[in-house]
Amino acid sequence: QLPSDSFWNLDCKEGQRAVSSSDTYDRRCSTMVVLGGCVSAALGAAIISTPVWLWGVGKYGKNKMWLLWSLTMAVTNYAFIALDKSYIVACVIVCTINGVPIAAKFLADAVLADIIDYDEFLTGDRNEATYTMFKSFLPKVMAIPAAALPLSIMNAMGHLPAVNGRIQLQPDAVR
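As the structure is a computational prediction, the values presented were derived from the model and not from experiment.

K.L.:
I'd like to hear about helix H3 (residues 62–78), residue by residue, with values.
P.N.:
In a regular helix each residue adds 1.5 Å, so 17 residues correspond to 24 Å; H3 covers 25 Å between its end C-alpha atoms and thus fits that length. Listing the buried residues of H3 in full gives Met65, Trp69 and Thr76. Considered in projection along H3, the buried side chains sweep an arc of 50 degrees and stay on one side of the axis. Facing away from the buried side of H3 by over 90 degrees, the exposed positions are Lys64, Leu67, Leu71, Val75 and Tyr78.

K.L.:
Give me the lowdown on the packing of aromatic side chains, citing residues and values where you can.
P.N.:
A complete count under the given rule lists two aromatic pairs for this structure. Ring plane angle 90 degrees and centroid distance 6.1 Å describe the contact between Trp55 and Tyr60, whose orientation is recorded as edge-to-face.

K.L.:
Please give an account of the confidence of the model for the protein chain that cites residues and values.
P.N.:
Per-chain confidence: the protein chain averages 84 in pLDDT, with 83% of residues scoring 70 or above. Averaged pLDDT values over the elements of the protein chain bottom out at 47 in helix H1 (residues 3–7) and peak at 93 in H3. Here residues 1–7 scores under 50 on pLDDT; set against residues more than four positions off or in separate chains, the count is 13 contacts.

Procedures and definitions
- Residues numbered from 1 in each chain as written.
- Predicted model: local features only at pLDDT ≥ 70, side-chain atom pairs only at ≥ 80, totals over all residues.
- Heavy atoms only, no water.
- Helix = DSSP H or I, 4+ residues; strand = E, 2+ residues; numbered from the N terminus.
- Expected span 1.5 Å × (residues − 1).
- Buried < 20%, exposed > 50% of the residue type's maximum accessible area, 1.4 Å probe, protein only.
- Arc of directions from axis to C-beta.
- Phe/Tyr/Trp six-rings, centres within 6.5 Å; stacked < 30°, edge-to-face > 60°.
- pLDDT = per-residue confidence, 0-100.
- Contact = heavy atoms within 4.5 Å.

Quick look at the structure:
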């Protein structure tokens, strides 16, 4: 538990206070409330940081800002590794930080349009269908290993499946 969590008087007792039938139930520990807070924080950060990304495009150019967007998107996703159970406020803070690169998603389409125009300049033919199809197909291809690898690793580390619909306490290697 982080000091910021105790500052907000938020202690979920490792999920025990999120069970609505518990005597110590706290609505703020509910999964839906935490998820709603995280999504709201990410979208709020995206809305607030959009002008900063637009300013950066004007000052440094699309390509450099696209590279910065790619880097920040990758780096901010790794911030979730530092979280543990009951780090509710820290989770919302990490989601807020992760929302900043979401605002620059428009750069991917802008750079793709530049690539299509450059390809037309080189070849004399317009092939935007090929590029946009590849752009939409690549995430679908990557979704398979992105789902299968973490599940395989969790299974190899000793993940305990749910029993009668109840989630089991996981070993430290899985957490």
